[in-house]
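As a plain string of letters, each chain reads:
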Amino acid sequence: MLGIRDLRVSYGAIEVIHGVSLDVAAGECVALIGANGAGKSSTLKAICGIVPVRAGSIQFEGRDITNQSGHAIVRAGITMCPEGRQVFPQMSVLQNLRMGAYTRTDKEQDDDLDRMMDMFPILRERQTQAAGKLSGGEQEMLAIARALMARPRICLFDEPSLGLAPKIVAGVFETLAKIKAMGMTILLVEQNSMMALNLADRAYLFEAGRIVMDGPAKELKSHPEVVRAYLGH
Amino acid sequence: MLIEILQQTINGLAIGGVYVLIALGLTTVFGILGIAHFAHGSISMFGGYLTYFLMTGYGLPLIAAIPIALAAGVLLGALVEMLAYRPVRHANHINAFIVALGLTMMVEGINLQFFGHEQIVIPTTLSRVFDIKGVTVPELRLYVILSAILLVAAMMIFVEKTKTGQAIRAVAENRDAAILMGVNVTTIPLIVFGISTALGVAAGIMVGALFAIAPGIGEGLVVKGFAVLILGGLGSFPGAILGGTVLGITESIAAGFISSAYKDVIAFAVMIIVLLVRPQGLLGRAP
């Protein structure tokens with residue numbers, strides 16, 4: 001479904017991704033794990049067209065989407081739930097959710113809105129409140145629901161647990177598991193490697209802008225080097 | 001005394017309406033692009049001049065000249081965004097600032113070249129004067145106030161209730177997140193400049209009908225527009241509406257009770273006092 005070949009990304013003169021190749025099949029949940037600054041988030045941003053691709057290609061459902069503008073990529077069916085949640089702080093919860101469906105023209109948006117609020121009852125409760133007034137965990141729920149409102153064919157999650165209390169993180173991963181069970185194709189970037197590997201089908205391990213290991217999540221979870229460096233026990 | 005205050009409040013509402021329309025355009029542009037669009041006043045006056053020219057040169061009635069001038073405003077705004085500001089969008093902020101100053105001089109020059117240096121007054125047939133319990137309300141002022149309210153309401157409904165309006169807000173609040181929602185951040189500034197300039201043209205027509213248009217009026221108006229933004233709270237729509245109304249009424253009451261020569265002094269003194277108490281503006285959020 002999504003195929004990346006020899007991706008190179010640089011910020012100014014500094015190259016941060018040195019030729020990364022990865023694949024995500026339809027219905028799969030793939031995790032990108034690794035240390036802070038290894039290039040996981042930059043890979044997601046390159047897919048979404050937020051940072052320019054210097055070399056290599058990104059294919060989505062047989063189409064080349066390399067360096068297309070961000071809004072065209074959303075219309076192609078790729079949505080990202082960004083790092084740090086990035087809700088629209090002064091717009092209401094409801095307005096945030098409707099922004100998620102910005103590219104849609106079908107008549108089922110209100111049904112989806114209802115579905116999201118069933119899934120996240122707190123959002124129904126707070127629907128008229130400004131999104132900036134929600135707690136960090138609630139904002140993460142809003143960001144996830146907003147991403148799903150686009151009815152994407154693949155949903156990218158960038159560090160959904162970042163800056164949240166451990167109890168809230170468990171809730172976020174329960175939600176991701178539910179979304180996975182719904183059949184959504186997921187590409188997840190996460191520093192909490194244990195949580196990510198428990199959820200994902202497959203994973204890629206990033207180190208300094210390169211993929212150094214990949215395979216089924218179960219295998220990575222028991223690989224001595226991964227255990228030593230990232231799972232910490 | 002009370003009658004006199006009411007009288008000046010009515011007068012202040014008319015000029016306040018003009019300030020609100022100018023300020024709404026400035027605040028929308030500032031919210032989306034972070035640009036202090038100084039040429040806004042001069043372009044607004046161009047709209048006023050154009051209306052006058054359509055009426056006197058082509059014999060169009062006011063009611064026909066206004067929509068043409070507003071449409072010209074939309075077009076002009078889009079052109080300004082495309083030709084003047086878009087090339088410097090990714091450059092240092094000072095570049096857009098210099099473009100704004102240069103554009104102001106250019107538009108002032110164009111106004112002078114095409115419409116001359118004589119002051120002009122847009123002729124209207126709205127000469128009736130209503131007397132409501134001792135307060136005289138000229139028909140023209142009433143129409144100006146009503147049109148301003150109508151335009152502001154239309155703008156609010158557009159921003160709150162339409163998809164494009166919501167996208168404009170989203171870009172202002174978080175540009176990157178708006179891109180992730182699929183908003184085309186190249187066309188949004190075009191739309192914003194089009195609408196803002198049309199609102200400015202409406203204000204220009206009001207100034208031309210209420211008072212007069214002459215070289216330099218537009219520059220004075222844009223300074224007032226920014227004063228309104230600061231007074232109301234930068235980036236706040238309700239703040240711009242409240243700020244413009246307060247500034248208009250303050251000026252009017254100062255002119256009526258003290259001296260019209262000092263109305264600007266008093267208006268700006270009030271602004272300074274408000275900012276001493278509330279540095280974030282009347283409705284601005286505390287940093």
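Our structure's up above, just so we're on the same page.
Given the structure is predicted, the values throughout are model-derived calculations rather than measurements. (Residues numbered from 1 in each chain as written. Chains lettered and ligands numbered in written order. Predicted model: local features only at pLDDT ≥ 70, side-chain atom pairs only at ≥ 80, totals over all residues. Heavy atoms only, no water.)

Chemist: Would you mind going over the overall build of chain A with me for this structure?
Modeler: From N to C terminus, chain A includes 10 helices and 10 strands. Based on the C-alpha atoms only, the size of chain A along its principal axes is roughly 45 × 40 × 30 Å. Across the 233 residues in chain A, those meeting the buried criterion constitute 53%. Counted over contacts in chain A with a minimum sequence separation of 6, partners at least 24 positions apart contribute 66%. Of note, chain A has its 26 positive side-chain charges centred 3 Å away from the centre of its 26 negative side-chain charges. (Helix = DSSP H or I, 4+ residues; strand = E, 2+ residues; numbered from the N terminus. Buried < 20%, exposed > 50% of the residue type's maximum accessible area, 1.4 Å probe, protein only. Contact = heavy atoms within 4.5 Å. Lys, Arg positive; Asp, Glu negative; His and termini not counted. Charge placed at Lys NZ, Arg CZ, Asp CG, Glu CD.)

Chemist: Please clarify how the overall build of chain B should be interpreted in this entry.
Modeler: Helix and strand counts for chain B stand at 11 helices and two strands. In summary, chain B has a C-alpha radius of gyration of 19 Å against a globular reference of 19 Å for 287 residues, a match within 12%. Seen along its three principal axes, the alpha-carbon backbone of chain B occupies a region of about 60 × 50 × 35 Å. Taken over 287 residues, chain B has a buried fraction of 48%. Considering only residue pairs separated by 6 or more positions, chain B has 75% of its internal contacts joining residues 24 or more positions apart. A total of about 12,900 Å² of accessible surface is found on chain B, and carbon and sulfur atoms cover 72% of it. Placing the 13 positive and 12 negative side-chain charges of chain B at their respective mean positions leaves the two points 10 Å apart. (Rg over C-alpha atoms; globule rule 2.2 N^0.38 Å. Areas by Shrake-Rupley, 256 points an atom, 1.4 Å probe, with all protein chains shown as cover.)

Chemist: Before we go on, may I ask you to explain the sheet that holds strand β9 (residues 202–207) of chain A in this structure?
Modeler: Strand pairs in the sheet, formed through backbone hydrogen bonds, run parallel or antiparallel to each other. Residues and elements named next belong to chain A. Spatially, the six strands line up as an open sheet ordered β6-β7-β8-β3-β9-β10, and their pairing is mixed. Edge strands, defined here as strands with exactly one partner in the open sheet, are β6 (78–81) and β10 (210–216). With direction set aside, neighbouring strand axes in the sheet form an average angle of 15°. Summarising the sheet, β6 and strand β7 (residues 154–158) pair through four bridges and their orientation is parallel. Across the sheet, the residue bridging to Met80 is Leu156, located in β7. Helix α1 (residues 40–48) contacts β3 (29–34), β6, β7, β8 (185–189) and β9 of the sheet and is inclined by roughly 145° relative to β7. Its contacts with the sheet place helix α7 (residues 166–181) against β3, β7 and β8, and it is angled at close to 150° to β8. (Pairing = 2+ DSSP bridges. Axes fitted to C-alpha atoms, helices over the stretch in contact; angles between N-to-C directions.)

Chemist: Looking at this model, I keep getting lost on the pairing of β9 of chain A. Mind explaining?
Modeler: Consecutive residues of a regular strand have side chains that alternate between opposite faces of the sheet. All names here are of chain A. Across five bridges, the pairing between β3 and β9 is parallel. Paired with Val30 across the strands is Arg202, a residue of β9. In this structure, β9 lies alongside β10, joined through six bridges in antiparallel fashion. Across the sheet, Leu205 pairs through a bridge with Met213, a residue of β10. In this structure, the hairpin formed by β9 and β10 is closed by a connection of two residues, where Ala208 is found at a positive phi of approximately 45°.

Chemist: What am I meant to see in a nonpolar patch on the surface here?
Modeler: Together, Ile94, Phe97, Ile98, Leu101 and Met105 of chain B make up a nonpolar patch on the protein surface, roughly 490 Å² of accessible area in all. Here Ile98 of chain B shows up in helix α4 (residues 93–115). (Patch = residues over 30% accessible without salt bridge, like charges linked within 9 Å, V, L, I, M, F, W, Y side chains within 5 Å. Salt bridge = Lys/Arg side-chain N within 4 Å of Asp/Glu carboxyl O.)

Chemist: Help me out: how do you make sense of the interface of chain B and chain A in this one?
Modeler: Many descriptions give the size of an interface as the accessible area lost when the pieces come together. On the chain A side, the residues contacting the 18 residues of chain B number 23 residues. A combined buried area of about 1,900 Å² lies between chain B and chain A, and 60% of that area is made up of carbon and sulfur atoms. Together, Lys163, Leu180 and Met181 of chain B form the three largest contributors to the area buried by chain B at its contact with chain A, with a combined 37%. Where chain B touches chain A, the interface holds zero salt bridges. Taken together, the connections running from chain B to chain A amount to nine residue pairs in polar contact (both at pLDDT 80 or more). Residue assignment for the side of chain B that touches chain A shows that the elements contributing at least two residues are α6 (163–173) and α7 (175–180) of chain B. Looking at which element gives the most residues to the side of chain B that touches chain A, the answer is α6 of chain B, with six residues. Taken together, the residues of the side of chain B that touches chain A break down into eight nonpolar, four polar and six charged. (Buried area = accessible area lost by both parts, 1.4 Å probe. Polar contact = N/O pair within 3.5 Å; in protein donor to acceptor, adjacent residues only side chain to side chain. Nonpolar A, V, L, I, M, F, W, Y, C, P; charged D, E, K, R; others polar.)

Chemist: It is not clear to me how the pattern of salt bridges should be interpreted in this structure. Could you clarify?
Modeler: Side chains that differ in charge, positive against negative, can pair when their charged atoms come close. Residues and elements named next belong to chain A. In total, this model carries 25 salt bridges over all chains according to the counting rule given. Notably, a salt bridge pairs Asp112 with Arg104, separated by 2.8 Å at the nearest N-O pair. Each member of the pair, Asp112 together with Arg104, is buried. Across the salt bridge formed by Asp118 and Arg124, the nearest N and O atoms sit 2.6 Å from each other. Taking the relative accessible area as the measure of exposure, Arg124 reaches 31% and is therefore partly exposed. Through salt bridges with shared partners, a single ionic network connects Arg104, Asp106, Glu108, Asp112, Arg115 and Arg151.

Chemist: Would you explain the side chain of Gln139 of chain A in this entry?
Modeler: All names here are of chain A. Residue position: Gln139 is located in helix α6 (residues 136–148). Accessibility expressed as a relative area gives 14% for Gln139, which makes it buried. Apart from residues no more than four positions distant in its own chain, Gln139 is found in contact with Arg85, Val87, Ala131, Gly132 and Leu134.

Chemist: For this particular structure, what's the right way to read helix α2 (residues 40–58) of chain B?
Modeler: Note on helix geometry: an α-helix contains 3.6 residues per turn, so any two residues three or four positions apart are oriented the same way. Residue and element names in this part refer to chain B. Given a rise of 1.5 Å per residue, 19 residues ought to cover 27 Å, and the 26 Å separating the end C-alpha atoms of α2 matches this to within 8%. Counting buried residues in α2 gives 14 out of 19 residues, a clear majority hidden from the surface. Just downstream of α2 lies Gly59, where phi reads positive at about 70°. (Expected span 1.5 Å × (residues − 1).)

Chemist: Please clarify how the state of the cysteines should be interpreted in this entry.
Modeler: Covalent bonding between the sulfur atoms of two cysteines defines a disulfide. Residue and element names in this part refer to chain A. Counted by the stated rule, this structure contains zero disulfides over all chains. With no disulfide partner, Cys48 has as its closest neighbouring cysteine sulfur the one in Cys155, 9.4 Å distant. The exposure class assigned to Cys48 is buried, which follows from its relative accessible area of 4%. The closest cysteine sulfur to the non-disulfide-bonded Cys155 is located on Cys81, 6.4 Å from its own sulfur. (Disulfide = S-S within 2.5 Å.)

Chemist: Explain the packing of aromatic side chains here, please?
Modeler: To describe a pair of aromatic rings, one takes the distance between the centres and the angle between the planes. Residue and element names in this part refer to chain B. In the structure shown here, the tally under the stated rule is eight aromatic pairs over all chains. With centroids separated by 5.9 Å and ring planes inclined at 80°, the aromatic side chains of Phe53 and Tyr58 adopt a geometry described as edge-to-face. Between Tyr85 and Phe193 the ring centres are 5.4 Å apart and the planes differ by 35°, which places this aromatic pair in the tilted class. Of this pair, Tyr85 sits in helix α3 (residues 62–85) while Phe193 sits in helix α8 (residues 187–210), placing them 108 residues apart in sequence. Phe193 carries the same exposure label as Tyr85, and that label is buried. Ring pairs connect the aromatic residues Phe46, Tyr49, Phe53, Tyr58, Phe114 and Phe115, which therefore count as one cluster. (Phe/Tyr/Trp six-rings, centres within 6.5 Å; stacked < 30°, edge-to-face > 60°.)

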